[in-house]
Amino acid sequence: MAQTADALAHLTEISSQIDAAVVLDKEGTVVAATVDDERAGRMAGAALELFRRAGEQRGQELVQLDVALEGGSVFVVRDADRLIAATTRSEPTVGLVFYDLKSCLRSIGEAPAEKPKPKPKRAPAKRRTTTTPRSRTTTRKKKDESG
Amino acid sequence: MRAGKALAVGAAVGSAAGAILLRRRARSRDRVELYFDDGSLVTVGKGDAAADRLLSPARELLAAARG
């Protein structure tokens, strides 16, 4: 949930075109939104209805849609089990908005469900101490040839 | 004096007509683009039978987002 909210916050930060966005599951339950709960609920309901009706158009599975309206545009993108719906001002850069929405959904999908257990630490390898014989520098006195 | 009045009325009528045309043009821009998993794209424009079924929840979504 917090991960999804973070992803949405990042989305609105990087995309100046997106006014509002909501992430919902396939049943229409709001997972996270950039608007208050009441508006998010209405957005989610409308997005789910729009996506459902649009999906009835063909036998193929619907992946994403955009609707250009007089006062702005509406986008809905589907991931495996989530939808993201967003609204923009009029005449947005469609490809860029789709890219940002897909990236947002992907980043939510990549979030680990639970933290992986840390690997057990290996016992530190024993340090081998090798004793190297010191090379002694000995100065031998020259034998006195005479002695 | 008369010519001035006529000019003012003409300008007013012209700007009103222009505003109506722009509004109509904007309305006619209402369209839905559907992207399917086989890579196909279907565009539903105003006037198509399916358009109203799709445009009404889209308008609802936009209105909800704007509060």
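Data block above holds the structure.
Keep in mind that this is a model prediction, so the values were computed, not measured. (Residues numbered from 1 in each chain as written. Chains lettered and ligands numbered in written order. Predicted model: local features only at pLDDT ≥ 70, side-chain atom pairs only at ≥ 80, totals over all residues.)

A. Looking closely at the interface of chain B and chain A. Tallying the contact residues gives 27 residues for chain B and 30 residues for chain A. Residue assignment for the side of chain B that touches chain A shows that the elements contributing at least two residues are helix 1 (2–28), strand 1 (31–36) and helix 2 (51–66) of chain B. For the side of chain B that touches chain A, the element with the most residues is helix 2 of chain B, which contributes 11 residues. When the residues that make up the side of chain B that touches chain A are grouped by side-chain class, the tally is 15 nonpolar, 2 polar and 10 charged. In terms of strand pairing, strand 3 (residues 62–69) of chain A meets strand 1 of chain B through 6 bridges, oriented antiparallel. (Contact = placed C-beta atoms within 7 Å. Helix = DSSP H or I, 4+ residues; strand = E, 2+ residues; numbered from the N terminus. Nonpolar A, V, L, I, M, F, W, Y, C, P; charged D, E, K, R; others polar. Pairing = 2+ DSSP bridges.)

B. Region of the structure containing helix 1 (residues 2–14) of chain A. All names here are of chain A. With 13 residues, helix 1 extends 18 Å between its outermost C-alpha atoms, agreeing within 8% with the 18 Å of an ideal straight helix rising 1.5 Å per residue. Buried residues of helix 1: Thr-4, Ala-7, Leu-8 and Leu-11, and no others. Mapping the buried residues of helix 1 onto a view down its axis gives an arc of 100°, with all of them on the same face. Across helix 1 from its buried face, at more than 90 degrees, point the exposed residues Ala-2 and Glu-13. (Expected span 1.5 Å × (residues − 1). Buried ≥ 20, exposed ≤ 12 C-beta atoms within 10 Å, placed from the backbone. Arc of directions from axis to C-beta.)

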